Amino acid sequence: REVVDFSRVREWSFESNPATFTATKVQHWRQLGINRVSLGVQSFDPGLLKLLGREHSPEDVAESIRLLREAGIPQVNIDLMFSLPGQTLPQWQHTLECAIAQQPDHISTYNLSYEEDTDFFRHYGAEAGDEETDVAMFTLADELLTAAGYRHYEISNYAKKGRECRHNLRYWQGGDYLGFGLAAHSLYRGERLANTESF
């Protein structure tokens, strides 16, 4: 077996949901060398969070970011989703403005995709946004985020200067990256690897 030299790793990204960690846990992450935490915020609208089955509130996001900053995590990312069932353009604007107000280093905006043969598709597929709405939401995100000083460096990703996510860059450039944990994916020396999705 080959031994990977982790001393050369420049970015350790960690994905987490808001309100699922404590100050003690974050201190542990930092001691392990994690230097980027990506929060699955998705929305700042309580109704849409409930629809998505998320247990955090908009207020939990601010508290989670505070904990990350106080622990010295150098980079904090917020993940957002648009084209949610029934989501309006004003709701999306509100979410973007709330995200900007939190001053994260990086904001990702993903268009919700409806996978057939899933419960979510069966319940909400008929409410999927149309292409015109998708374009309007994508355009609004681009306008608001770039005006707030975030550079649109990849189709779904915006970052403050010098805060681009190395994983995203490696992914799109076809470079090596290693993923750990449930359902994590990796590309190492031309070989694609995927971890189990089941405990």
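Because the structure is a prediction, the values reported are computed rather than measured.

Residues Phe6, Val9, Leu178 and Phe180 make up a contiguous nonpolar surface patch of about 350 Å² in total accessible area. Secondary-structure assignment places leucine 178 in the loop between helix H7 (166-173) and strand E7 (185-188).

Before going further, it helps to spend a moment on the pairing of strand E5 (residues 151-154). Note on strand geometry: in a regular strand, side chains alternate between the two faces of the sheet. In this structure, E5 lies alongside strand E6 (residues 157-159), joined through three bridges in antiparallel fashion. Bridge pairing in E6 places glutamate 154 opposite asparagine 157. Between E5 and E6, which pair antiparallel and follow one another directly, the connecting turn spans two residues.

For the rest of this paragraph, the subject is the packing of helix H1 (residues 23-32) against helix H3 (residues 58-70). Taken N-terminus to C-terminus, the directions of H1 and H3 make an angle of 45°; their axes are 9 Å apart at the nearest point. Considered as vectors, H1 and H3 are oriented oblique to each other. Of the two possible hands of crossing, H1 and H3 adopt the one that is right-handed. Across from Ala23, Val26, Gln27 and Trp29 in H1, the residues of H3 making contact are Leu67, Leu68 and Glu70. Partitioned by chemical class, the residues of the contact of H1 with H3 number five nonpolar, one polar and one charged.

Glancing now at the packing of helix H4 (residues 89-101) against helix H6 (residues 131-147). Running from amino to carboxyl end, H4 crosses H6 at an angle of 30°, the nearest separation of the two axes being 10 Å. With respect to each other, H4 and H6 are oriented roughly parallel. Here H4 runs over H6; the crossing is right-handed. Every residue of H6 that contacts H4 at Leu89, Trp92, Gln93, Leu96 and Ile100 is listed here: Ala136, Met137, Leu140, Ala141, Leu144 and Leu145. Here the residues of the contact of H4 with H6 are counted per class, giving 10 nonpolar, one polar and no charged.

What counts, and at which threshold
- Residues numbered from 1 in each chain as written.
- Predicted model: local features only at pLDDT ≥ 70, side-chain atom pairs only at ≥ 80, totals over all residues.
- Heavy atoms only, no water.
- Patch = residues over 30% accessible without salt bridge, like charges linked within 9 Å, V, L, I, M, F, W, Y side chains within 5 Å.
- Areas by Shrake-Rupley, 256 points an atom, 1.4 Å probe, with all protein chains shown as cover.
- Salt bridge = Lys/Arg side-chain N within 4 Å of Asp/Glu carboxyl O.
- Helix = DSSP H or I, 4+ residues; strand = E, 2+ residues; numbered from the N terminus.
- Pairing = 2+ DSSP bridges.
- Axes fitted to C-alpha atoms, helices over the stretch in contact; angles between N-to-C directions.
- Parallel < 35°, antiparallel > 145°, perpendicular 65-115°, else oblique.
- Left-handed = near helix turned anticlockwise from the far one by under 90°.
- Contact = heavy atoms within 4.5 Å.
- Nonpolar A, V, L, I, M, F, W, Y, C, P; charged D, E, K, R; others polar.

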